[in-house]
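Summary of structural features
So you can see what is in the structure, the chains are spelled out below.
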Amino acid sequence: MKNMLTTISNALCRMTGRNVGARVVVSRSFADFTSQASFDIKECELHRLEEGPPLKAELTREQGLQYYRVMQTVRRMELKADQLYKQKIIRGFCHLYDGQEACAVGIESGINPSDHLITAYRAHGYTYTRGIAVKEILAELTGRRGGVAKGKGGSMHMYAPNFYGGNGIVGAQVPLGAGIALACQYKGNNQVCVSLYGDGAANQGQLYEAFNMAALWKLPCIFVCENNKYGMGTSVERASASTEYYKRGDYIPGIRVDGMDVLCVREATKFAADHCRAGKGPIIMELQTYRYHGHSMSDPGVSYRTRDEIQEVRSKSDPITMLKERMLTNNMASVEEFKEIDIAIRKEVEEAALYATSDPEPPLEELCNHIFSNDVPLEVRGTNPWVTLKSVS
């Protein structure tokens, strides 16, 4: 009987082309699991809008497993980055994204790969959802040649197709995002740009200059405030006279979204993208989320908030746990299946870390390359008259 089940299971693997770790999962996936379910999601608060995103979200089994896989990969990758930093293998600035995974995955599932995205310095999660492999991200953090920016960008400067970073200056990416949206409008390609910033950047003057121009020209730009409750070590209540960030655009419509629920973020992003594609101009989304780590690796994160506060969010609102429990409760997956996914992710991240610590650093002669986009070599003066370098693009 056991051999018969194995034979059937292997045949199903070949027919579906799926690589599933546990054979019993494959044999159950067609008969026993619910293929699709509908879930109630939190109502969004609205500004200058008559109606908002739907109150129910449809989720297929395949979508749920994919969302879980991506969020869990980002979580494990960030925990590995934390470990490598504490071992002094990663140096310099490093801002981790664990806790906020539903924002990146929800946004990515609500737009198209051809749409554009630009964010601040907490960029690892978006670099992954935009298509860059874990090993290239970790290798960039360790400053190796195999990194996504050839080891020269580090934590804050990673790029991918239609992903413009990773920007180290607080709030500077927001007007750049408006410019990308202007390019979309000029080309008439029906694409949108998602321009992200944090609550700490929400009081920057350049945001409001970008809001004004985007509204005047009706640019297809989704301005997203990832409100994780603290700008560095300062709570939003101490930093902002108004913490209703979705209303900060005044004349620009806005929505406040549960940023810990991947389905809520997905539906809100679809709504916002449809708004922009319809030629109605920009829209603001405030995602209420939470970061588990401190602002950066130099911040322990417990001097301005308690460990109990962090633990309460973990136990009640964790985005990965929330999705997992929804799927288990509705018989969309099994505990064993999630365990298999977790094991595969841990293996992938460990292999990526090994690559990131063994890949060579870029040689000195490559230091000044890629200053310009053309192929004309450029002589670059070094720190003393005897050092000469060339820049090759």
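So, how was this worked out
Residues numbered from 1 in each chain as written. Predicted model: local features only at pLDDT ≥ 70, side-chain atom pairs only at ≥ 80, totals over all residues. Heavy atoms only, no water. Domains from an automatic or database assignment. Buried area = accessible area lost by both parts, 1.4 Å probe. Salt bridge = Lys/Arg side-chain N within 4 Å of Asp/Glu carboxyl O. Helix = DSSP H or I, 4+ residues; strand = E, 2+ residues; numbered from the N terminus. Contact = heavy atoms within 4.5 Å. Buried < 20%, exposed > 50% of the residue type's maximum accessible area, 1.4 Å probe, protein only. Pairing = 2+ DSSP bridges. Axes fitted to C-alpha atoms, helices over the stretch in contact; angles between N-to-C directions. UniProt positions renumbered as here; feature names shortened; annotations may be inferred.

All right, on to the domain arrangement of the protein chain then. Looking at the protein chain, the domain boundaries give domain 1 (36-362) and domain 2 (364-392). Taking only C-alpha atoms, the centre of domain 1 and the centre of domain 2 are 35 Å apart. Each partner contributes to the roughly 350 Å² buried at the junction of domain 1 and domain 2, and carbon and sulfur atoms together form 39% of this total. Interface area lost by domain 1 to domain 2 is led by Lys 150, Lys 152 and Pro 362, which between them contribute 83%. At the boundary of domain 1 and domain 2, one finds one salt bridge. Residue Arg 145 pairs with Glu 366 through a salt bridge whose shortest N-O separation is 2.9 Å.

What follows covers the side chain of Thr 127. Of note, Thr 127 is situated in helix H5 (residues 124-129). In this view, Thr 127 contacts Ile 132, Ile 137, Met 158 and Phe 163; residues no more than four positions away in its chain are not counted.

A few words on the pairing of strand E1 (residues 36-40). Only one face of E1 is covered, namely the one carrying Ala 37 and Phe 39; the face carrying Gln 36, Ser 38 and Asp 40 has none of its residues buried. By the bridge criterion, five bridges tie E1 to strand E3 (residues 56-60) in an arrangement that is antiparallel. Paired with Ala 37 across the bridge in E3 is Leu 59.

Our next topic: the sheet that holds strand E9 (residues 254-258). What holds strands together in a sheet is hydrogen bonding between their backbones, with the strands either parallel or antiparallel. Taken together, the six strands give an open sheet; going across it, the order is E2-E9-E10-E6-E5-E4, and neighbouring strands pair in mixed fashion. Unpaired on one side and paired on the other, strand E2 (45-47) and strand E4 (116-118) mark the two borders of the sheet. Neighbouring strand axes in the sheet, compared pairwise and without regard to direction, differ in orientation by 20° on average. The sheet contact formed by strand E6 (residues 221-227) and strand E10 (residues 283-288) spans six bridges and is parallel. Bridge pairing links Ile 222 to Ile 283 in E10. Relative to E6, helix H8 (residues 205-217) is tilted by about 150°, and along the sheet it contacts strand E5 (193-198), E6 and E10.

The positions UniProt marks with the feature "domain: Dehydrogenase E1 component" (unreviewed entry) are residues 71-364. Measuring from the first to the last C-alpha atom of residues 71-364 gives 37 Å, for a span that is 46% helix and 11% strand.

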